[in-house]
Structures are given as C-alpha cells and as structure tokens.
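Survey of secondary and tertiary structure
Here is what each chain is made of, one letter per residue.
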Amino acid sequence: MSDILKLDKKRLDKFVAALLSEYRLFGPVEANGLTRFAEVESADALKLDSNTDESAKGIFFPQVETILTYENGKTETPSGPDKPIAVLGIRPCDARSLLMLDKVFGTGKYNDSCWTRRYENALIISVGCNTPRAGCFCNWLDLGPFSKQGSDIALTDIGDALLVESCSEKGRGFLESSDEIPFRKPTDDDLSKAAGVREHAESSMEDKVDISSIKAVLDKSWDSSLWDELAGKCLSCAVCAYLCPTCHCFDIQDEKMPGTSRGRRIRIWDTCMAPQFTKEASGHNPRPTGKKRIRQRVMHKFNYFVDVFGEIACVGCGRCVRSCPVNLDIRYVIKRFMDAG
Amino acid sequence: MADVEQVLRETVRKLLQEQKVCRVIGYARGSSALRSTPVFIEDEKDADSLVFDITCGNNLTQYLKKCGKAGDGRVGIVAKGCDGRAVVQYIAEGQVKREGILIIGIPCEGVLDHRKACDKTQGREVSEYRIEGEKVVLKGKDFEVSLDKFDVLSDSCRRCRYPSPPVHDVFITEPKEAASQEPECKEFDEFEKLDASERWAFFENEFSKCIRCYACRNACPMCYCEECFVDQSNPQWFGKSTDLSDTMIFHIVRVLHTAGRCVDCGACERACPLGINLGLLNKKVEKEIQERFGYTSGLDPDETPAMAAFDEEDKQEFIL
Amino acid sequence: MPDNCYIPIPVTVDKIREESDDKTLRTFDLSFCDEKQAFDYLPGQFCQLSVLGKGEAPFGIASSPTEKGFLRFTVNRVGVVTTALHYLKQGETIGLRGPLGNHYPVEKFKGQNVVIISGGFAFTTLRSLAVYMFAHRKDFADITVIYGARRPGLLLYRDELAEWEKRDDLNLHLTIDKEVSGWDKRVGFVPTVTKEVAPSPKDTWAVVCGPPVMIKYTLPVLFDLGFPPERIYTSLERRMKCGIGKCGRCNIGSKYVCADGPVFSYAELQELPEQY
C-alpha cells in the first residue's frame, strides 16, 4: 500500500505540467456535446468523471492516418511523433484494449510501425470507473471498473483528491522522477474512501456472466440459425466497430487532388459489417450477406482472436450496447449462444 | 400503453392465425427498459413478445424489402405515423406493392431520444419507466427522476404533424388526426433565421463529429440504394476519410438524394452514435420541397413524388 | 522491407508483354530502383504493387528466385489498380511491397514427384514453382505440369511453354476447352486430363491453382487417385489491403490468407469453417 500517493484535484495542474514536459498529452475533453479524447495542454480541459463516447484507440490508431504523400511521383513519409504520448483519464476497459491492439499491430512477423511508434513509449494513466454506465459489462471479461491491466499509473477519484498508484516500471519511474508534483501520503480515511468507491462501483454493475466457454460454444455454432435472426435486424452500419476499442480492421486508400500531381495514401478505419469490405474487383464477394458479416464480427472477437491470441477481443466497455441503433446487444448475442451451446 | 399493446398482440395473433399475413415486423422489448428492438413475428405464439411504447423509435419500413420474399404472402408492419408515411413513399416509389403490405397503424405520442434520456440519468441503467401525464419518470437501482416528456422526445417527434399513418389496413385503437399545421418548433425557426454562412458553420460543426459509420444512412428507410454512391469504387466519387470536406459531401448528397422523400422520422438522428443534428437539414429540405412543389412525402401513394415529376410552372430561378 | 511496412519500395517497369489474345492480361518485368532493396523470395509468395493515386493490389510473383535481375507479375485487368497497371509504359516507376505471405513447401517436395495442375491465369506462381524446380532439377523426382485454358490464346507464357515441351525432364500436358484449328495438343477440361495423365500418388505432391470451378472438379479426381489432403496444395486469393495480417479482411476463420497463406494444403483448409 505504501506505493499509493494522494494528489489534491486542485493540484492536478502540476501533474499535467509534469506530463507535458515529457509527453504529448491526450485526455477526455468535452466539446460539442461529446466527450472524446483530444490533445490537451492544461488540466482544465480534462473531463475525468465519465467515460468517453468514443474509445481511446484513435490516439494510437487514428481513424485517418497518412502513410505517405506524393507530388510529381516523389513520395514522402510523415515523420513520427516528436514526443512520446501520455494518456490521462483513460478508463480501465480502454487501457486493457490497447494491450489487445498491441498484440495485433505490435507482434508477429510484421511490426506495424504506425502503431508502435505511438504506443511503444506511451504512458497510460487510467482512472477507475466510479459509476459504471448502463451497458457496461467489463466484469464479464475478467475486468472490473478498477482493473489495472494496460495501465502504467492508476487513479482513483475519492472526491476532492485522486489516489495515484503506479502499476508498471514505467509508471513508477515517472512518479519517482516528478518531484514537482505535490503528492501527499494518503490517510487511512482516504484509503477506506477508495475502497468504498470501488465497492460501490463493482456492486452497481449487473451480475457477471461466465463466458469462458464462448470460444468452444462458437466452434460449434457456425451453422446456427441465430446468425439469420441477428442479420435480420442488423443494419450493417459501423457504429459497433467504430466505437469498439478493440476493432482494428482498416482500409488503405489513395487520394489524388484533382488537377494536380499531389496526393496521399491513407489508412482509415474500416468495418467487416460493410459489404464492400471483402468485395473483390471481379465482383466476387466471399462475405456477401449480412449473416456472413455479422458472423465474422462475432467470431473474430469471441473465437478467432481467442484462437490466435488466447483472449477474447472485447473489454465490455458497453459502447456498442449503448449505441447500436437496433439494440442488437452483444451481451444478449453471447448469452443466446451460450444458452444454445 | 398497456391497452395498445394488448390490442396489438391480439390483432397480430389473429392476422397470423387467419393467414392474412405471413409475418409481422414490429417491436419487442430490448435489452433495457428504455430500448426496444425490431422483431419479426411469424408464429402467432410469438405475438406476445410485441411491445409498443415511447421506446419504439426504429423506422421499420426499411425491413419491408428484406422481409418480403416473393410468393410468401403479405407482410404486416407495425406503423407509427412516420413509419406509415415511409411505407406510403415506398409504394409511391414502386419499392413495394400495396397489396403485399398490411399496415398495422398504431397511435404514436412521440418516441424517446435515447441519448437525451441517457444524459438526464448520467448514463445510469434505467430499470423501469412510467409516463405520468406530460412527465416521464425514470427509475434505476438507486435513483428516480421525473422529466418533462418533451425534453426527452426525439426532435422529429416534437415537430411531427402526422401521429398516425396516412394509410392503414387495421388500426390499433383509434387513429389520431393529423395536426392542421406544423407544431411550432423553436429550434427550426431559429435555424431558419441564420444566414447562409451561419448555417454552413452550424453544419460544419455538426458534421465535424461524423465518423462515417453510416448508421444514419443504414437506419434511413429512404436510403435503399443497392450501392450507395459513397461505396462505389469505380469511379470513386470522393474520399473515404473523415476530413470535413468528405463528411460534408456525404451528408449533403444524402440529404439531396432524400429530398422530397424524407418523412422526417428522425431515425437517422437517433441512430447517430455521436448525436449529430441531422434533422434540421432534413426539415429544411422538406420545407423547400413543400414550398416549391407543394408536395409532402409519404401522404398519398398515388401521387407522383416531387422529384419524379416535372411541371413547366416549377420554379427555375436557379437555372442561370 | 522498409521499417514502416506500408511504405512501398520503388521498382522500374523494364518489360511489358501482352500475355493473352483478349488483351486482359499483361506481364511486367520489374527491377529494383535501388539494388540494395532487392530481396529474396520463394515460389508462391506475392507482392503488393501500387500506382500512386490509384492504390495497391496483391499479385503472385511469377518469376522464380533463381531468375536474377527481375521480378515478374502477370496482371489481369479487372479493377482500378489493375487498369492503371495496364496503362504503364516501359521505364515508369511503381511501388512494391513484398515479398509477402508463405510459399509452396519446396523443402517438402525434395526427392519427391510434383504435379502442377492449373487453369487460366492462375498459372503465375506455378510458373515460378516450375522454373524454380527446373533450376534445382536434381532435387526433385518426376515433374508433371497439367495446364489448361479456354483457348490457346489464353494460356500464359506461351513461348516458354513451347520451350518446356522440348524438355525431357518434364511431363507437360497442355489442354484447351474446345477444339480449334491449328491446336495439336489435348482438348478437354483440366479435371478430365488430370484423371488421364496424373502420376501415381505415391511419393507425389500436387499443387492446384485455377478458377474455383476447375478446383471444384479437380479435387475429387485427386482424392480418387489416392492423393491425401496433406499432399495437395493450393494458393488462395482474397481482397487484401495490408498484406501482413493486420487489416482484417482476408481471413478465413482464424487464418489470414495474406499472412498465414496464401498457400494452404487441403488438410489445412478442411480445418477452416468457411468455404474457401
């Protein structure tokens, strides 16, 4: 417990200043009726009391990223970030998702340098979820509102102050080297407050459902009629995929400025729910129906990803649950398969 | 609404029993008290899963094309005013045959904008709700809030003139008369007062939130193109990025393509995960069409849609 | 490959050849603008070719690593990128990423018989394989090539096939679907020809690439002949973007065609849930 520090919220500016001296800082910012991650330059801009509408993946895997630009046949590659990235105020679910994305982009024969150049040296500072929202189900995924996987530093909001705990060497290193942040030692009262906050958050979530056998169940569900039922109502839009912190499919597009020799090659998010995703130039499409596409999405998360990386590609952040226009609730989908299997 | 639900279930059960329809598109309770989900009922035993209340926001018309297999018999559809108008528009546009559809009209008092309700409850799980006159009371594990219904209604419902479908085959309880004129809509009036550059700035601000998920398009009954222009790759009409110029073109072309067809059901706006105000632009275009061509979409299946008709008297001042 | 695996390296178009009489197929010989960026590869691997402003598309390498100084690709004109490639002129520079994917298991073929069965323009990487085996001829026992097209003008690499016919260390069976005057070789579909001329499955490996319908009817023939699925290989095609197992579109079950393939044995494919 001796590792835990306390920081008065009104001194958060010092923490932010220390981060800004070493990092480009991203955090949840409220603007235009939405809470989204954005680059911040002061503590005032941060909104730490609710989860973001969009996930944090875009910080490291932007929706649109330039691979190269060209003019008159000469290509140029944009340089990487000048400073490493720090994220302050990410929720435990999103912090966990970054570890999953890192498995996709940062491991294997090919290292995706667009990802690693941002993520490799990043400092991830999460804040526990005092009030999990409707639709949150991180507890199904062996996570909780105060999980620390993927975090370098974890914060707990106890009202006027934050408790600060390092969860990695990188996090400890930063905290130890930042003398100018006025940390204090938490009192026993602070610690019990934190325990209370955590308990309240955990108990406010709906009951955990054990989905550890979902991979095996889906192995046998390829021909299930449930796929037809789901496809019947699914709109094939990309709400679930684009809000999802672990969905990572993308497209590569060339764009030329009309009337010039200038253009760019970009990588942009894409979704397996779109019919064009797999459609070949010849017109042939291996996944031409909504049924095949929704099966792909569910299988990728709860079966294929488990096969390849040993874990489910879902962190239970609940964004798809809350935002699906037809209430095609992934919790319900998984439960239905579990019940049938 | 309990009565309406009982009558609805009974009616659907009978329609299926008597084989007047082969399936019915309706709403079932969703995964939370404030959500409903589209459902397709083929077996009379399942009729009891039908619900109807303020959470039934999806425009079900778009499922008609998916659901109606040839030679299968009539398809029933539970239709609020706006769903009914979309069905009428489908008939007018030759997308479905009148005799293939059985319109089950249902009285609508407006539907909930889920995001608004969510904001009012700080995102907490609502386990039950009840309507008390003009109030909606939302109840969760350790809270209860009473809200003005108007504040959580979908924007399109606040300005709705047609609570009941203009055409129906059966009606659950009694149809409500269309309002003699459009309800006052402060938001729209204020929007109209803006000059062109202010309007442009408004939409730039709204569309800057767009992530190109196409939920608006896919939830829209009128966006039924086999292949949307944004998805065409040869030729590719414009970029797929979220640069403002690309997102603006998408939304502008979409609204032009639904001009004179949009029934202002608000499905697009409710589907948007980022709360983009799409309704004002739709409404503005709808008004233009009414003023220019005296046409209101989705009222008369036999009337030629505005964009499919030509009249020498049409205003042409935009032709230089 | 460069540090950033999405950056193509520049290659020059040295030669362009019209490959089919319907002008839908062109063969390009490319060379590295910077010799230092040259790479080694094996038959069956592919590259992403790109034309700036048009995009990238994957193509199997048709040259053999034993042929030095050029990389060969045959391009079927179907979409935006392939059309742009067809408009290329000699001396122009395009982008290339590769080599990508796995390869035919040439190490397993050592000391064994190999039968190559192909139809139409799927012959590209099989040419690579054949030329590779010719260059290491002593490493392999009998080599049989069964190759068909709808008509003579649609057979790839016709001059080369004429040279191959003179080889006494190769059983070459060329076939066309329907009889035409001037054609003195076989007439008939690939599966039928396979039934007639395929070698005994004993110590033999089969590599089958062609249009889906050809594969559909050839596989049962091979199974009837006694080829086990472990010794039948094919190369799959899918729409691809990244080519390195990240972008998520070319998967069949938990395998990515770009990274885990494109070469699979039928034993491997039978494990996958989806139709391939």
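Residues numbered from 1 in each chain as written. Chains lettered and ligands numbered in written order. Predicted model: local features only at pLDDT ≥ 70, side-chain atom pairs only at ≥ 80, totals over all residues.

**A look at the overall build of chain C**
For chain C, the helix and strand inventory stands at seven helices and 15 strands. Here the C-alpha radius of gyration of chain C, 18 Å, is about what a compact globule of 276 residues would show, namely 19 Å. Burial status across chain C gives 50% buried among its 276 residues. Once local pairs closer than 6 in sequence are excluded, the contacts in chain C between residues at least 24 apart make up 69%. (Helix = DSSP H or I, 4+ residues; strand = E, 2+ residues; numbered from the N terminus. Rg over C-alpha atoms; globule rule 2.2 N^0.38 Å. Buried ≥ 20, exposed ≤ 12 C-beta atoms within 10 Å, placed from the backbone. Contact = placed C-beta atoms within 7 Å.)

**Quick notes on the overall build of chain B**
Along chain B, the regular secondary structure elements total twelve helices and nine strands. For 320 residues, the compact-globule estimate of 2.2 N^0.38 gives 20 Å, and the C-alpha radius of gyration of chain B, at 20 Å, lies within 12% of that figure. Split into buried and exposed, the 320 residues of chain B put 44% on the buried side. Sequence-distant contacts, at least 24 apart, represent 70% of the contacts inside chain B between residues at least 6 apart.

**Considering the domain arrangement of chain C**
Residue and element names in this part refer to chain C. Domain boundaries in chain C define domain 1 (9–100) and domain 2 (106–235). Computed over C-alpha atoms, the centres of domain 1 and domain 2 are 24 Å apart. Counting residues at the interface gives 18 residues for domain 1 and 14 residues for domain 2. For the side of domain 1 that touches domain 2, a count of residues per class yields six nonpolar, eight polar and four charged. (Domains from an automatic or database assignment. Nonpolar A, V, L, I, M, F, W, Y, C, P; charged D, E, K, R; others polar.)

**Some points on the pairing of strand β8 (residues 143–149) of chain C**
Residues and elements named next belong to chain C. Of all seven residues that make up β8, six are buried, and the element is covered over most of its length. Taken together, the six bridges between strand β7 (residues 113–119) and β8 define a ladder with parallel strand orientation. When the sheet's bridge partners are listed, V115 is paired in β8 with T144. What joins β7 to β8 is helix α3 (residues 124–135), and the crossover it makes is right-handed. For β8 and strand β9 (residues 171–176), the ladder comprises six bridges, and the chain directions are parallel. Across the sheet, residue T144 finds its bridge partner in β9, namely N171. (Pairing = 2+ DSSP bridges. Right-handed = clockwise from strand over helix to strand, strands pointing away.)

**A closer look at the domain arrangement of chain B**
Residue and element names in this part refer to chain B. What the domain assignment lists for chain B is domain 1 (2–113 + 153–308) and domain 2 (114–152). Here the C-alpha centre of domain 2 lies 24 Å away from the C-alpha centre of domain 1. Counting residues at the interface gives ten residues for domain 1, matched by twelve residues for domain 2.

**Considering the sheet that holds strand β5 (residues 74–76) of chain A**
Residue and element names in this part refer to chain A. Spatially, four strands are ordered β5-β4-β11-β10 in an open sheet, and the strand pairing comes out antiparallel. If you trace the sheet from one side to the other, it starts and ends with β5 and β10 (250–256), each paired once. Strand-to-strand twist of the sheet, defined as the mean angle between neighbouring strand axes without regard to direction, takes the value 20°. Direction of pairing for strand β4 (residues 64–71) relative to strand β11 (residues 262–269): antiparallel, over a ladder of seven bridges. Looking at β11, one finds that E65 is bridged to R267. (Axes fitted to C-alpha atoms, helices over the stretch in contact; angles between N-to-C directions.)

**Section: the packing of helix α8 (residues 226–233) of chain A against helix α10 (residues 290–309) of chain A**
All names here are of chain A. Look at α8 against α10: their axes get within 8 Å of each other, and the N-to-C directions meet at 105°. When the axis of α8 is compared with that of α10, the two are roughly perpendicular. Counting all contacts with α8, which are made through W227, D228, L230 and A231, the residues of α10 involved are G290, K291, I294 and R295. Tallied by class, the residues present in the contact of α8 with α10 amount to four nonpolar, one polar and three charged. (Parallel < 35°, antiparallel > 145°, perpendicular 65-115°, else oblique.)

**Some details on the sheet that holds strand β7 (residues 123–127) of chain A**
Residue and element names in this part refer to chain A. Pairing in this open sheet of seven strands is mixed, and the strands run β1-β9-β8-β7-β6-β2-β3 from one edge to the other. Of all the strands in the sheet, just β1 (5–8) and β3 (34–39) have a single pairing partner and so form its edges. Between one strand axis and the next, the sheet turns through 25° on average, direction left out of account. Where strand β2 (residues 24–31) meets strand β6 (residues 85–90), three bridges bridge the pair, whose relative direction is parallel.

**So, the pairing of β9(C)**
Residues and elements named next belong to chain C. The parallel pair β8 and β9 is bridged by helix α4 (residues 158–165), and the resulting crossover is right-handed. Where β9 and strand β10 (residues 186–187) come together, two bridges link them in parallel fashion. Within β10, the position partnered with T175 by the bridge is R186.

**Topic: the interface of chain B and chain A**
A common way to report how large an interface is uses the accessible area buried once the components associate. If you look at the interface, chain B gives 33 residues, while chain A gives 33 residues. At the level of secondary structure, the elements contributing two or more residues to the side of chain B that touches chain A comprise β2 (36–41), α9 (215–219) and α11 (267–271) of chain B. Sort the elements by how many residues they give to the side of chain B that touches chain A and β2(B) lands first, with four residues.

**Description of helix α12 (residues 330–340) of chain A**
Residues and elements named next belong to chain A. The complete set of buried residues in α12 reads I330, I334 and F337. Here the buried residues of α12 occupy an arc of 65° about the axis, which is enough to place them on one side. The outward face of α12, more than 90 degrees from its buried face, is lined by the exposed residues D339 and A340. (Arc of directions from axis to C-beta.)

**Description of the environment of C:E56**
Here C:E56 lies in strand β4 (residues 55–60). Among the residues examined, C:E56 registers 25 C-beta atoms within 10 Å and is labelled buried. It is 19 Å that separates the C-alpha atoms of C:E56 and C:T125, two residues lying 69 residues apart in sequence. The contacts of C:E56, once residues within four sequence positions are left out, are A:I252, C:Q48, C:L49, C:S50 and C:V81.

**Looking at helix α3 (residues 81–92) of chain B**
Residues and elements named next belong to chain B. The terminal C-alpha atoms of α3, which comprises twelve residues, lie 16 Å apart, in line with the 16 Å expected from a rise of 1.5 Å per residue. Those residues of α3 lying buried are G81, C82, D83, G84, R85, A86, V87, V88, Q89, Y90, I91 and A92. Looking at the packing, one finds that the buried side of α3 touches α2 (63–67), β4 (75–79) and β5 (101–105). Remark: G94 follows α3 within two positions and exhibits a positive phi of approximately 75°. (Expected span 1.5 Å × (residues − 1).)

**Some remarks on unusual backbone geometry**
Here B:N234 and B:P235 are connected by a cis peptide whose omega angle stands at 5°. Following the sequence through the fold, B:P235 ends up in the loop between α9 and α10 (244–257). Residue C:G261 is joined to C:P262 through a cis peptide bond whose omega torsion reads 10°. Examined against the element boundaries, C:P262 turns out to sit in the loop between β14 (255–256) and β15 (263–265). In this structure, B:Q122 takes a positive phi of about 50° despite not being glycine. Assignment of secondary structure puts B:Q122 in the loop between α4 (114–120) and β6 (126–132). For B:Q122, a count of 14 C-beta atoms within 10 Å puts it in the partly exposed group. Phi angles above zero are rare outside glycine, and C:K23 is one such case at about 60°. Overall, C:K23 belongs to the exposed group, with 10 C-beta atoms counted inside 10 Å.

**Some words on the confidence of the model for chain C**
Across chain C, the average pLDDT comes to 95, with 99% of residues at 70 or higher. Model confidence for the complex is summarised by a pTM of 0.94, with the ipTM given as 0.94. (pLDDT = per-residue confidence, 0-100.)

**Some points on the environment of A:K109**
Residues and elements named next belong to chain A. Summarising the element assignment, K109 is placed in the loop between α3 (92–106) and α4 (113–119). Residue K109 is classed as exposed on the basis of its C-beta count, with 9 C-beta atoms lying within 10 Å. When the C-alpha atoms of K109 and P28 are compared, they prove to be 34 Å apart, with 81 residues separating the residues in sequence.

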